Amino acid sequence: MSKPEDYKSKLTDEQYDVLFNKATEAPFSGEYDQTFAEGEYACAACGTVLFDSDKKFDAHCGWPSFYDAIPGKVAFHVDNGFGSTRTEVTCAICGGHLGHVFEGEGLGVPTDQRYCINSLSLTFTPSTSLPKKV
Ligand SMILES: [Zn+2]
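The residue numbering used here restarts from 1 in each chain and proceeds along that chain's sequence as written. Residues qualify for local features only when their pLDDT is at least 70, as the model is predicted, and side-chain atom pairs are given and counted only at 80 or more; totals for whole chains, interfaces and linings, by contrast, use all residues.

### Some thoughts on the sheet that holds strand E1 (residues 39-43)
At step 1: In this scheme, strands are said to pair when DSSP sees at least two bridges between them. A run of DSSP states H or I qualifies as a helix once it reaches four residues; a run of E qualifies as a strand once it reaches two. Both are numbered from the N-terminal end. In spatial order, the strands read E2-E1-E9; together these three strands make up an open sheet with antiparallel pairing. On the outer flanks of this sheet lie strand E2 (49-52) and strand E9 (122-126), each paired with one strand and no other. Looking at each pair of strands side by side, their axes are set apart by 30 degrees on average, direction ignored.
At step 2: Pairing between E1 and E2: three bridges, direction antiparallel. Its bridge partner lying in E2, Tyr41 is registered against Phe51. Between the N-to-C directions of two axes lies an angle of 0 to 180 degrees, each axis being a line fitted to C-alpha atoms and, for a helix, fitted only over the stretch in contact.

### A look at helix H1 (residues 13-21)
At step 1: For H1, every residue scored as buried is listed here: Gln15, Tyr16, Val18 and Leu19. Here the buried residues of H1 occupy an arc of 165 degrees about the axis, which is enough to place them on one side. Exposed residues lying more than 90 degrees from the buried face of H1 are Asp13 and Asn21.
At step 2: Along its buried surface, H1 packs onto strand E7 (97-103).
At step 3: Phi turns positive, to about 55 degrees, at Lys22, one or two residues after H1. Here a residue counts as buried when 20 or more other C-beta atoms fall within 10 Å of its C-beta, as exposed when 12 or fewer do, and as partly exposed in between; the C-beta atoms come from the backbone. What the arc covers is the set of directions going from the helix axis to the C-beta atoms. What counts as a contact is two residues whose backbone-derived C-beta atoms lie within 7 Å of each other.

### Comments concerning the pairing of strand E6 (residues 86-91)
Note on strand geometry: in a regular strand, side chains alternate between the two faces of the sheet.
At step 1: In the sheet, strand E5 (residues 74-79) pairs with E6 via six bridges, with the strands oriented antiparallel. Bridge pairing links Val74 to Cys91 in E6.
At step 2: Taking the residues between adjacent antiparallel strands as the criterion, E5 and E6 are bridged by six residues, where Phe82 takes a positive phi near 55 degrees.
At step 3: Pairing geometry for E6 and E7, over four bridges, is antiparallel. Paired with Val89 across the bridge in E7 is Gly99.
At step 4: As consecutive antiparallel partners, E6 and E7 are separated by five residues, and within that stretch Gly95 has a phi angle of approximately 80 degrees, a positive value.

### A closer look at the pairing of E1
At step 1: For E1, the buried fraction is high: four of the five residues fall into the buried class.
At step 2: In the sheet, E1 pairs with E9 via five bridges, with the strands oriented antiparallel. Along E9, the bridge assignment pairs Cys43 with Leu122.
At step 3: Linking two consecutive strands that pair antiparallel, namely E1 and E2, is a turn of five residues; a positive phi of about 85 degrees is found at Gly47 within it.

Okay, here's the thing in structure tokens:
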């Protein structure tokens, strides 16, 4: 596995702070909060595709929200910070912090899960600039 420092040159200070110091961007500040174009969301550090736009939905929480991740590409960790137990979501490949996943909120999405992800952890590529799927 690469070390966080290996990614420092390709990330902004804000991105590095979220991915490797577990910072959280301010709600409604993120570049992808209101992005609903078709495409892929990759880890901003290592480039692994983590989320597909067809699983993105508007949870009105101020962060990009997905109801599912690409299987095997994200890892889960119990996070006991801030007096509550949450499940942290990281990139399974480089370990970069992405956000948290919440369950059972009754938001009407197929999995009843909400991946609440920092825009700064992601790089979106619209499907118009991806190779056509056959
Ligand atoms: Zn990664």
